[in-house]
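Structural overview
Residues per chain, in single letters:
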Amino acid sequence: MPEIESPVGELIAARHAEGSAPGERTDGQRLALVIEGGSARGAYSHGMAMALEQLGVLSCFDAVYGSSAGALNGAWLLCGRANQSRRAWQDDIVRRVLNPARVLRGGRVVDTRFLVHAVYERIVPMDFSAILGNPVTFHPIGTDAIDGGAVDLRKHIIDAPSLQGALLASICLPILAGRPVSLGGRRYVDAGLSESIPIRTALAQGATQVLVLRTRREDQTMSIPSRLEERIVMRFLTRHAPGAIEGWLSRNDDHIRDEHIMATHPGVLQIRPPLDSPTIGRGGRDATLLMRALDVGLEAAAAAISAYLPSLA
């Protein structure tokens, strides 16, 4: 048995035992999986998604919510290839996607289009049709460039191209990944500017129980940007995403609020990297460290969830 009992873990265990699927529930609960963003820190939540896939518990959930890197990891889980996609964190791909030297040539530091349209189509194929057809619904989050609100991009997803567009919108880091992504007549930037952990959206849409996959250790706080970084980002947002300015300025307060929600809500269970896990910056490119984070995340989630599943513990 787990050290601390949780209604979330118990609901997962009950649904796993009965083999129920979305649309067949009789327990009156809505169970959501929420995945935190964090760029390179997403290696931790990717490992956690790998554990959920290995344990065979995805069908226990009714919906998957993801912000930025969390949206990518949610997509991999929903298409049944979370473990196969480990390849996407290897050195050759990471350094092609994230390359600070490109800025000297006027390019993007983070080449999200190469990631979604080359890596996810040919190098490490993502099964977009499986995501679209999964009864567990997918809710990637983006930040509206005009009003700054956190938006569930599911309403824009109708086929594989629009799904890829939603992923690009959720991971559109200001400056680093270029200008806002257009989708459904609106423009979006990275989800981290409005809701880096989409707990509020999940609860607002009726989730009664939520499992949250975190990318920060419990002792980690949000980093404070330098004055130069703040000046550069503010200039970019003023020109291309004015609505996101307030979110950028209030992100620390929002983070504190979300931490309070998750710590006090009785229907929330969080899985975090252990306290001795290595610190990974948002722009981390050390493939050895990223692979280690995958394994750490996998181990943490496997231990947390299997404790509620006697047959797997």
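Now for a description of the structure that goes with this document. (Residues numbered from 1 in each chain as written. Predicted model: local features only at pLDDT ≥ 70, side-chain atom pairs only at ≥ 80, totals over all residues. Heavy atoms only, no water.)

1. Regarding the pairing of strand E3 (residues 137-144)
The condition is simple: The classification of residues rests on relative accessible area computed with a 1.4 Å probe and restricted to protein chains. Under 20% of the type maximum is buried, over 50% is exposed, and intermediate values are partly exposed. Strands here mean DSSP runs of E at least two residues long; helices mean DSSP runs of H or I at least four residues long; both are numbered from the N terminus. Any two strands between which DSSP finds at least two bridges are classified as paired.
For E3, a buried count of eight out of eight residues is recorded, marking the element as mostly surrounded by other parts of the structure. With five bridges joining them, strand E2 (residues 63-67) and E3 adopt parallel strand pairing. Residue pairing for E3: Ala-63 is matched across the bridge by Thr-137. In this structure, the hairpin formed by E3 and strand E4 (residues 150-152) is closed by a connection of five residues, where Gly-148 is found at a positive phi of approximately 75°. Sheet analysis places E3 next to strand E6 (residues 186-189), joined by two bridges and oriented antiparallel. Looking across to E6, one finds that Asp-144 is bridged to Tyr-188.

2. Description of the pattern of salt bridges
Inclusion rule: The working definition used for a salt bridge is a side-chain nitrogen of Lys or Arg within 4 Å of a carboxyl oxygen of Asp or Glu.
According to the stated counting rule, one finds 18 salt bridges in the structure shown. Put simply, Asp-27 and Arg-15 hold a salt bridge, and the shortest N to O gap is 2.9 Å. Here Arg-15 lies in helix H1 (residues 7-18) and Asp-27 lies in the loop between H1 and strand E1 (31-35), a separation of 12 residues in the sequence. On the basis of relative accessible area, Asp-27 is assigned to the partly exposed category, the value being 28%.

3. Examining the packing of helix H5 (residues 112-123) against helix H7 (residues 160-170)
For clarity, the threshold we go by: The axes used here are C-alpha line fits, helices contributing only the stretch in contact, and every angle between their N-to-C directions lies in the interval 0 to 180 degrees. For classification purposes, an angle smaller than 35 degrees is called roughly parallel, one larger than 145 roughly antiparallel, one from 65 to 115 roughly perpendicular, and anything else oblique. A clockwise turn of the near helix away from the far one marks a right-handed crossing, whereas an anticlockwise turn of less than a right angle marks a left-handed crossing. In this description, contact between two residues means that some pair of their heavy atoms is separated by no more than 4.5 Å. In this count, Pro and Cys sit with the nonpolar residues alongside Ala, Val, Leu, Ile, Met, Phe, Trp and Tyr, while Asp, Glu, Lys and Arg are called charged and the others, Gly among them, polar.
For the pair H5 and H7, interaxial distance at closest approach is 9 Å and the crossing angle is 140°. Relative to H7, the element H5 is oriented oblique. For the pair H5 and H7, the crossing hand works out as right-handed. Of H7, the residues touching H5 (which contributes Thr-112, Arg-113, Val-116, His-117 and Glu-121) are Gln-164, Leu-167 and Leu-168. Among the residues making up the contact of H5 with H7, the classes are represented as three nonpolar, three polar and two charged.

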